[in-house]
Every structure is written in C-alpha cells, then in structure tokens.
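Structure assessment
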Amino acid sequence: MRLTVRWAVLFFSLLAMGFSTARKVLAEPLPLKRAVELALSHGTAGTDTDEQRAFASYREARNQYIPQMVVGSGLGKSWGFPLSLEGSAPSILNVNSQSAIYNPALQEFIRGAKSDWRASMFQTKDQREQVIQDTVLAYAELNHWEQTLSHLQQEQADSAKMETVVNQRVDAGVDSAAMKNQARLVVARTRLRAAEAHGSIDILRNRLAQLTGLPADKIETMADSIAALPDVKQEDDLAGKAAQSSPIVLQAENHALAESFRAKGEHRSLLPSIDFAAQYALLAKYNNYDEFYNSFQRHNATVGVSIRFPFFNFSQRARAQAADATALHAKADAKAAKDRVSDQTLKMQRSVEQLGAAQEVASLEYQIAQSNLEALNVRVDAGTANLHDMDDARTQANERYHALQSADFELQRAKIGLLRTTGDLESWVGISK
C-alpha cells in the first residue's frame, strides 16, 4: 500500500508537469507590447464618449455665431382680423434666420466649453493609461506565477522522492515515525503552493483575456519581452513631475478653468448684446390682410439686429454669484488633486527604495541558503551529514526562493505604478502616445 501511494504521488506530479507542458504548446506566445496594443484596441473603444460629448457641446456654443435658418408654415383660415399663430402671422411660407453678432457672455461660455473639452481629453488619456497599467501588471504577475510554477514542479518531484526515502527509512527502523509526518508536511506545503500558483495563473489569464480579447487558454507570457525597469533616484523630484504631467491634475485644472469662464460669462450676461435677425413670409389673401391693411403684398421680408440691454436683472446677478462659488470650489478641487498626486508619488518613490532594500535582503538570504545547500551536498557525499539536514537546507532554500520572487514582483509593481504617475509608462512599454 505504501509503495502504491508513493508511485501515485510521483505519477500525479509527472502528470501535472505534462499538462503544464501541453498547455504551453497550445498557448500563444504573447509579448508584452502586443498585449498592451490589443488591450488598447479592445478596451478603450468606449472611453472617448465623454470627449466626443464635450466637443459637441463646444461646437454647439461656437456655432451660435453661424446664422440658423428655420423654414416653416403657418397655414390657417382667418375670420375678421388675422390673428397670430404661435406668435407669427398666418402665412403660406415662413423663413426665419438668427445668429449672434456681439455677445460677451457667449464668448466666455465658448471658452468654458473648450476648456471642458480639453479636460475630457485628459480624462480619456487617464483611462488609456489605466488600461496600460492594468495590462502590464496582469502580464507581469502572470509571468511571475508561471516562473514560480516551474520551480514548484521541481519542488514537488524532490519532496515526493524525499517522502519515499523517509518512508523506507522508517520501515527499516532507521528514522522515527515522526519523520514521516514531517516529510508529508513538506509535500503538502508544496502542493498548496502549486494550487495557489495554478489558481493565480487561471485568474490572471482570464483577466488578460478580458483585456486583450484573446482566448484565456492561448495566452503565454514571454519573460524577455518585459523590458528592464529604470532605476529610481531618490533625489529626483518625481512628485513635482507627476503634479505637472498627471492627466488627473490637468483634467481638474481645465475643469476649474471652465467653471471660471462660465462664472465670467454669467457676469457678462448683464452687458448689452446684439443679434442678427431676418424673416421672410409669403402671405395668403384668404387671411383677410387686404381688408385691414391699406396696402397688401404677398411677399414680405424684414432684416435687422436685435439689441438687448439687461441692466436690471437681479436674478441673473444671483446666478452669477452662484457660478463664482462653483468656480472657487472647482479651483480648490484642482489644488487638492495636485497635492494628492504629489503625495502619492512621493510615497511610491520612497516605497520603491524600501522595496529595493527588501529585495536585496531576500536575494542575499537566497544566496546564503543556496550556499548552505551546496555545502551540505558535499558533506552528505562525504558522510558527515544526513539526509534530513539536506532536506532542511533544501526546504530553507525553497522558502528563500519564494520570498525573493515575491520581493522581486512587489518591487516591479511599485516601479510600474511610479512610471504611471510620472507619465513614462507608455514610453517604457514602447507604445506611441
């Protein structure tokens, strides 16, 4: 029975390695740059709708200087004096045209709409950078787990062999029964890590499939497609750089500028304005015009300007004061966004330094553990150390390896986030802006 169990463990370990190898054969090698390009084409299709809406609002305000023409008719029978139909004289054909000539308020509203359009462009840029960051992080983490899984498969094979040897030694009376449980514990821990790796790989492949539109079972990362991340110098003013280039800050600043223009426009609504107006009407005789007017002609036209002097408008003054408060609030929000981005960037910059130190510690601990393992190999061959010492050293080396892998990825994640805040992520991936 014990022999059957030992062979079953080895069989399933080899079977898992076979499945992993077959999956790699079926998977599609996907470089990081290609994954980002697919994610941008697949995931940003609807992100520019706000930009389109803002641009349309800007055109709506600007086009008020272009004459608008409305063609219609006010057909109707008159009994007695020809009364108006919805404010216009009854007519067979009626053409109206109107446009702004001089409107100080409209000029400010146009500037405000243009600033809102710019703000929406920065919002689109921020959404684009978010898609890039999500894709890069998912790709890097998937690559991390794929490399970890390859190492875990070797660990599973080693731990299964060690369990077999320990069981034989226990049966022979060389080792105590407690050593059997210790060997099983090592196998169980390795199996737990392998299950975690498989689960993470499936989740990350599914995430990349959602981002890129590719089938999840055909995604395979390429480690050499991930460029080396640039070193972070703590003396560099990355916080200031991020505050100047962050799309979030630029969006907030342009929105505040738009609110300022709108408030100015509300104030300038109290100034005189001049509009162009023209009207043509083709009148009918059955509307009794010839009975009530000394001179009647069917074709009539009026061209002129409409001048308004809205000096006494207390409602508009209150509206302008409310717009001033809104502009001040938007300005405060822009400053808060700038401070927030600056603080976050500085924290990430300092975090990179700490994670770099932690990665160095993990690397040195792994090197020491590997040196101890190699030394024990020599001692076992010389007969001055036993297999349990060797197994303990191998377990410690594996623990240090996983700690190093985790430290490497955390440092990589922090550097990628810092590239996003400083606006350098696209150039690092190799995507044109």
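1. Regarding unusual backbone geometry
- Phi at Asn288 takes a positive value of approximately 70°, unusual for a residue other than glycine.
- As for its position among the elements, Asn288 is in the loop between β5 (273–282) and α8 (289–292).
- Residue Asn288 is classed as buried on the basis of its relative accessible area, which comes to 10%.

2. Details of the confidence of the model for the protein chain
- With 92% of its residues at a pLDDT of at least 70, the protein chain reaches an overall mean of 87.
- Averaged pLDDT values for the elements of the protein chain fall to 46 in helix α1 (residues 2–26) and rise to 95 in helix α7 (residues 247–268).
- Every residue in residues 19–26 scores below 50 in pLDDT, and together they form 7 contacts with partners more than four places removed in sequence or on other chains.

3. Examining the packing of helix α9 (residues 314–382) against helix α10 (residues 387–422)
- Running from N to C, α9 and α10 point in directions that differ by 160°, and their axes come no closer than 8 Å. When the axis of α9 is compared with that of α10, the two are roughly antiparallel. The handedness of the crossing between α9 and α10 comes out as left-handed.
- Its residues assigned to classes, the contact of α9 with α10 comprises 20 nonpolar, 10 polar and 7 charged.

4. Here we look at the packing of aromatic side chains
- Under the counting rule described, the total for this entry stands at 8 aromatic pairs.
- Both rings, one in Tyr289 and one in Tyr293, keep their centres 6.3 Å apart while their planes meet at 35°; by these two values the pair is tilted.
- Owing to a relative accessible area of 5%, Tyr289 belongs among the buried residues under this scheme.
- When the centroid spacing of 5.9 Å and the interplanar angle of 5° are considered together, the rings of Tyr289 and Phe296 count as stacked.

Reading guide: rules and limits
Residues numbered from 1 in each chain as written. Predicted model: local features only at pLDDT ≥ 70, side-chain atom pairs only at ≥ 80, totals over all residues. Heavy atoms only, no water. Helix = DSSP H or I, 4+ residues; strand = E, 2+ residues; numbered from the N terminus. Buried < 20%, exposed > 50% of the residue type's maximum accessible area, 1.4 Å probe, protein only. pLDDT = per-residue confidence, 0-100. Contact = heavy atoms within 4.5 Å. Axes fitted to C-alpha atoms, helices over the stretch in contact; angles between N-to-C directions. Parallel < 35°, antiparallel > 145°, perpendicular 65-115°, else oblique. Left-handed = near helix turned anticlockwise from the far one by under 90°. Nonpolar A, V, L, I, M, F, W, Y, C, P; charged D, E, K, R; others polar. Phe/Tyr/Trp six-rings, centres within 6.5 Å; stacked < 30°, edge-to-face > 60°.

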